[in-house]
Amino acid sequence: MATERKKILLRLDPAVHDALARWAGDELRSTNAQIEFLLRKALADAGRLPGGVGRMRRPGRPSKTAETDATDTVEE
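Residues numbered from 1 in each chain as written. Predicted model: local features only at pLDDT ≥ 70, side-chain atom pairs only at ≥ 80, totals over all residues. Heavy atoms only, no water.

Engineer: In this structure, what is going on with the packing of helix 1 (residues 14-26) against helix 2 (residues 31-45)? I would like to understand it.
Structural biologist: Pairs of packed helices are described in terms of their axes, by the angle between the two and the distance that separates them. Contact pair helix 1 / helix 2: the axes reach a minimum separation of 9 Å and the direction vectors enclose 90°. Comparing the axis directions of helix 1 and helix 2 gives the class roughly perpendicular. Where helix 1 abuts helix 2, its residues His17, Leu20, Ala21, Trp23 and Ala24 lie against Thr31, Gln34, Ile35 and Leu38. (Axes fitted to C-alpha atoms, helices over the stretch in contact; angles between N-to-C directions. Helix = DSSP H or I, 4+ residues; strand = E, 2+ residues; numbered from the N terminus. Parallel < 35°, antiparallel > 145°, perpendicular 65-115°, else oblique. Contact = heavy atoms within 4.5 Å.)

What follows is the structure, given as structure tokens:
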């Protein structure tokens, strides 16, 4: 069972948000995923990323194999 993700309200300067959204689009991530990616990188660089942190999904669309695997686990 997956752990529920935390939700936060984040206020950003509109220019910062626009730059972040463009960067996220260039890397095929949502703006939210880009923020999490950058926070994880900053935590890791500072030696503060907890060991039990799960991996992020890779950018872009999930592979057909991942989609098939996800649907195969559904009970009927």
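Engineer: Can you walk me through the confidence of the model for the chain in this structure?
Structural biologist: Caution applies to low-pLDDT regions: their predicted coordinates should not be interpreted in detail. Per-residue confidence for the chain gives a mean pLDDT of 84; residues scoring 70 or more make up 80%. Mean pLDDT across the secondary structure elements of the chain bottoms out at helix 3 (residues 64-72), with 57, and peaks at helix 1, with 97. Considering only residues more than four positions removed or in separate chains, one finds that residues 71-76, a stretch of pLDDT under 50, has 0 contacts. (pLDDT = per-residue confidence, 0-100.)

Engineer: Even after reading the chapter, I still don't get a nonpolar patch on the surface, so can you show me in this structure?
Structural biologist: Taken together, the side chains of Ile8, Leu10, Leu12 and Val16 define a hydrophobic patch exposed on the protein surface, amounting to about 380 Å² of accessible area. In this fold, Leu10 is placed in the segment before helix 1. (Patch = residues over 30% accessible without salt bridge, like charges linked within 9 Å, V, L, I, M, F, W, Y side chains within 5 Å. Areas by Shrake-Rupley, 256 points an atom, 1.4 Å probe, with all protein chains shown as cover. Salt bridge = Lys/Arg side-chain N within 4 Å of Asp/Glu carboxyl O.)

Engineer: What is the right way to look at the environment of Arg40 in this model?
Structural biologist: Its place among the elements puts Arg40 in helix 2. The spacing of Arg40 and Pro50 is 10 residues in sequence and 9.7 Å in space, taken between C-alpha atoms. For Arg40, the residues in contact, after removing those within four places along its chain, are Leu49, Val53, Gly54, Arg55 and Met56.

Engineer: Hey, could you run me through the packing of aromatic side chains in this one?
Structural biologist: Aromatic ring pairs are defined here through the distance separating the ring centres and the angle between the ring planes. Counted by the stated rule, this structure contains 0 aromatic pairs. Positioned over the ring face of Phe37 is Arg29, at 3.9 Å from the centre of the ring. (Phe/Tyr/Trp six-rings, centres within 6.5 Å; stacked < 30°, edge-to-face > 60°. Lys NZ or Arg CZ within 6 Å of the ring centre and 35° of its normal.)

Engineer: What am I meant to see in the layout of surface pockets here?
Structural biologist: The probe, sized like a water molecule, is rolled over the atoms to show the empty space still left. The computed volume of the largest pocket comes to approximately 690 Å³. If you go around the largest pocket, you meet 18 residues; those closest to its centre are Arg5, Lys6, Asn32, Glu36 and Leu39. Class assignment of the residues belonging to the lining of the largest pocket gives a composition of 9 nonpolar, 3 polar and 6 charged. (1 Å grid on protein atoms, 1.4 Å probe; cavity = no way out; pocket = protein on both sides within 12 Å on 5 of 7 lines; lining within 4 Å. Points joined across faces, edges and corners; volume = space filled by probe spheres on them. Nonpolar A, V, L, I, M, F, W, Y, C, P; charged D, E, K, R; others polar.)

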